[in-house]
Amino acid sequence: MKICVIGTGYVGLVAGTCFAESGNTVICVDVNHEKIEGLKQGIIPIYEPGLKEMVLRNSSEGRLSFTTDLASAIKASLINFIAVGTPPGEDGSADLQHVITVAREIGRNMEGFKIVVDKSTVPVGTADKVREAVKEELDRRGVCLEFDVVSNPEFLKEGAAIDDFMKPDRVVIGADNVRTGEIMKELYSPFMRKTNRMIVMDVRSAEMTKYAANAMLATRISFMNQIANLCERMGADVSSVREGIGSDSRIGYDFLFPGVGYGGSCFPKDVKALIKTAEECAYDFILLKAVEDVNEQQKGILIDKMVAHFARESASHSLEGKTIAIWGLSFKPRTDDMREAPSIVIINRLLEMGARVRAHDPEAVNEAKKIFGDRISFSSTSPYEILEGADALAIVTEWNEYRNPDFDRICELLNAPVIFDGRNLYSPRRMKEIGFTYHCIGRNDSSFVER
């Protein structure tokens, strides 16, 4: 099939590349000339394992191309995916201006039947607005052309997006037209070789499915963080609790790891947008408001532990003059995405309290420099080079590189063997045995501070 993907951000670039991998002819469009020229030269603007190799292969074989010429791409394609950003507005609602702008461009340039697919995460009712925008432009041109609007939300995990797209748990297709639904099923059929995991539903239900999925996952994370905080106060071990409840087939183990809160481009934005959508329907989504509040509080939990620790050491509640080494900047491992990352809140609070910060991340340093500039020092080579003379190590992102470090070397480099672990990577008992003061989350850690 001939496909146009409008927007070469995370979703658009992965989707376009994977569609090309399955034999389709794909044109990826973006208004950013520099990004498009870079993609033509094989420069990938995001870090995603396996993506660069797939882009280069499909580009060289002629199935994948990049352009800023949206009009020509629309004319050449049957299916037009809208994959532009929908950033949160000041009130938390999704900003649809880019989506509607693209819809209008499709209406201005289409010359025959088109399928317009909302791939961006958008509120319920967006397909209606897209349909109206396309029709308005057709009316202005005085032409009557058939088109259909589909909702096809993405469910990709950053760091595993290629595998998620090529071997999806499910593909949700929101289509109110049977013929269009069949075309979309044909498009996705190469990814369903073993079993059919396509779910076809009405458009509004598909739009809601995406928000509901992310809201549920965010809820699990905030719930487990609350359980972890209670475990500390009760002398229980949250790792054992997770094992106990996760073994229940009705619950499972996924998204029940306590930590310093969720971040990224999806959960924070989608939770806010669903709360706002509910408000617009005169419904108070109390549960999601609590999920959001818990997450914001959780981002500060390592700071509370640091303040409590150094207060015992020096009878001061200040971190003034302390040097804190941070392992992990991205909101999760295997990505360079810093959007809504807990590390941003943690580092800003450390700086506000007068601490000096050094940070290591295997992939996100360049993105972090855009946020912090020269206010902190960085390393992307060795996690150990930021430790020398630091007063403590704080682990914020659970990169594999941090799971089995050289503890003897860490001990030699730090001023004192103190670790604040926001991802519970190590055994508290082992850390105590090898001489570390180890502060983690919900695992028999007596260093918590009352809130």
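For every chain, the first residue of the written sequence is number 1, and numbering continues from 1 onward in sequence order. Since the coordinates come from a predicted model, pLDDT governs what is reported: local features require at least 70, and pairs of side-chain atoms require 80 or more to be given and counted, while whole-chain, interface and lining totals use all residues. Hydrogens and water molecules were not included; the side-chain quantities draw on all heavy atoms of the structure.

A. Region of the structure containing the overall build of the protein. Note on conventions: DSSP H or I runs of at least 4 residues are helices, E runs of at least 2 residues are strands, and numbering of each starts at the N terminus. Looking only at helices and strands, the protein features 17 helices and 14 strands. Only C-alpha atoms enter the radius of gyration; for comparison, a globular chain is expected to reach 2.2 Å times N to the power 0.38, where N is the number of residues. Whereas a compact globule of 451 residues would reach a radius of gyration of roughly 22 Å, the protein reaches 24 Å, a difference of no more than 12%. In terms of its C-alpha atoms, the protein occupies a principal-axis envelope of roughly 75 × 50 × 45 Å. Burial classes: relative accessible area under 20% of the type maximum marks a residue as buried, over 50% as exposed, and values in between as partly exposed (1.4 Å probe, protein chains only). Split into buried and exposed, the 451 residues of the protein put 54% on the buried side. Residue pairs at least 24 apart in sequence account for 73% of intrachain contacts in the protein once pairs closer than 6 positions are excluded. The method behind every accessible area is Shrake-Rupley, applied with a 1.4 Å probe, and residues are considered shielded solely by the protein chains displayed. As displayed, the protein offers around 20,000 Å² of accessible surface, 50% of which is attributable to carbon and sulfur atoms. Throughout, a residue-residue contact means that at least one pair of heavy atoms, one from each residue, lies within 4.5 Å.

B. Seen up close, unusual backbone geometry. Located in the positive-phi region is F255, a residue other than glycine, with phi close to 60°. Topologically, F255 is positioned in the loop between α10 (238–246) and α11 (267–280). One non-glycine residue, E340, adopts positive backbone phi at about 55°.

C. View of the side chain of K299. With respect to the helices and strands, K299 occurs in the loop between α12 (286–298) and α13 (301–314). The class for K299 is buried, based on a relative accessible area of 2%. Ignoring sequence-local partners within four residues, the contact set of K299 consists of V260, Y262, E340, P342, V345 and I346.

D. Region of the structure containing the environment of G246. Checked against the element boundaries, G246 lands in helix α10. A residue is classified by how much of its surface remains accessible, and G246, at 4% relative accessible area, is buried. In this structure, the C-alpha to C-alpha distance between G246 and A206, residues 40 residues apart in sequence, is 28 Å. Discounting chain neighbours no more than four positions away, the residues touching G246 are G252 and Y253.

E. Local environment of the pairing of strand β8 (residues 198–201). Two strands are counted as paired when DSSP detects at least two bridges linking them. Relative to β8, strand β7 (residues 171–174) runs parallel, the two being bridged by 4 bridges. Looking across to β8, one finds that V172 is bridged to I199. Here is how to tell: hold the view so the strands point away, follow the path from the first strand over the helix to the second, and if it runs clockwise the crossover is right-handed. Once you follow β7 into helix α8 (residues 178–188) and on to β8, the crossover reads as right-handed.

F. How the structure looks around α8. Listed in full, the buried residues belonging to α8 are T180, G181, I183, M184, L187 and Y188. Along the axis of α8, the buried positions cluster into a sector of 160°, meaning they face one direction only. Along α8, exposed side chains directed more than 90 degrees from the buried face belong to V178 and E186. Throughout this description, a polar contact denotes any pair of N or O atoms lying within 3.5 Å of each other; where both atoms belong to protein, one of them has to be capable of donating a hydrogen while the other can accept it, and for residues adjacent in sequence the pair is counted only when both atoms sit in side chains. At the N-terminal end of α8, a side-chain oxygen is found 2.9 Å from the backbone nitrogen of R179, two or three residues along, and the residue is N177. Taking the helix axis as origin, the arc is that swept by the directions to the C-beta atoms.

G. Molecular detail of the packing of helix α9 (residues 203–234) against α11. Here an angle of 0 to 180 degrees is reported between the N-to-C directions of two axes, which are lines fitted to C-alpha atoms, with helices fitted over the stretch in contact. Between α9 and α11, whose axes approach to 9 Å, the crossing angle comes to 115°. Looking at the two axes, α9 sits roughly perpendicular to α11. With respect to the hand of their crossing, α9 and α11 are arranged in left-handed fashion. Contacts between α9 and α11 involve M208, K210, Y211, N214, A215, L217, A218 and I221 from the former and F267, D270, V271, A273 and L274 from the latter. Here the contact of α9 with α11 is composed, by residue class, of 10 nonpolar, 1 polar and 2 charged. Oblique is the label for any angle not covered by the other classes, which are roughly parallel (under 35 degrees), roughly antiparallel (over 145) and roughly perpendicular (65 to 115). With the far helix as reference, a near helix turned anticlockwise by less than a right angle produces a left-handed crossing, and one turned clockwise produces a right-handed crossing. Note on residue categories: nonpolar means Ala, Val, Leu, Ile, Met, Phe, Trp, Tyr, Cys or Pro, charged means Asp, Glu, Lys or Arg, and polar means any other residue, Gly included.

H. Molecular detail of the pattern of salt bridges. By convention in these notes, a salt bridge is any Lys or Arg side-chain nitrogen within 4 Å of a carboxyl oxygen on Asp or Glu. The final tally for this structure, using the stated rule, is 30 salt bridges. The closest approach of N and O atoms between K272 and E292, which form a salt bridge, is 3.1 Å. A residue pair is termed long-range when its members are at least 10 positions apart, and K272 in helix α11 and E292 in helix α12 qualify at 20 residues. Take E292: its relative accessible area is 18%, and that puts it in the buried class. Put simply, R104, E105, R108, E136, E137 and R140 are held in one network by salt bridges that share partners.

I. Representation of the sheet that holds strand β10 (residues 356–360) in the model. Strand order in the open sheet formed by 6 strands is β11-β10-β9-β12-β13-β14, with parallel pairing between adjacent strands. Where the open sheet ends on each side, the last strands, each with one partner, are β11 (377–379) and β14 (437–439). Neighbour to neighbour, the strand axes of the sheet diverge by 20° on average, direction disregarded. Direction of pairing for strand β12 (residues 392–395) relative to strand β13 (residues 418–421): parallel, over a ladder of 3 bridges. Across the sheet, I395 pairs through a bridge with D421, a residue of β13. α13 rests against β9 (323–327), β12, β13 and β14 of the sheet, and its axis sits at about 155° to β13.

J. A look at helix α2 (residues 33–40). Every buried residue belonging to α2 is among I36, G38 and L39, and all of these are buried. Buried residues along α2 cover an arc of 160° about the axis, so they all sit on one side. In α2, the exposed residues that point more than 90 degrees away from the buried face are H33 and E34. Against α1 (10–21), β2 (25–29) and β3 (64–67) lie the buried residues of α2. Capping the start of α2 is the job of one residue whose side-chain oxygen sits 3.1 Å from the backbone nitrogen of E34: N32. The positive-phi residue at the C-terminal boundary of α2 is G42, with phi of around 85°.

By themselves, these figures tell us nothing about what the structure is for.
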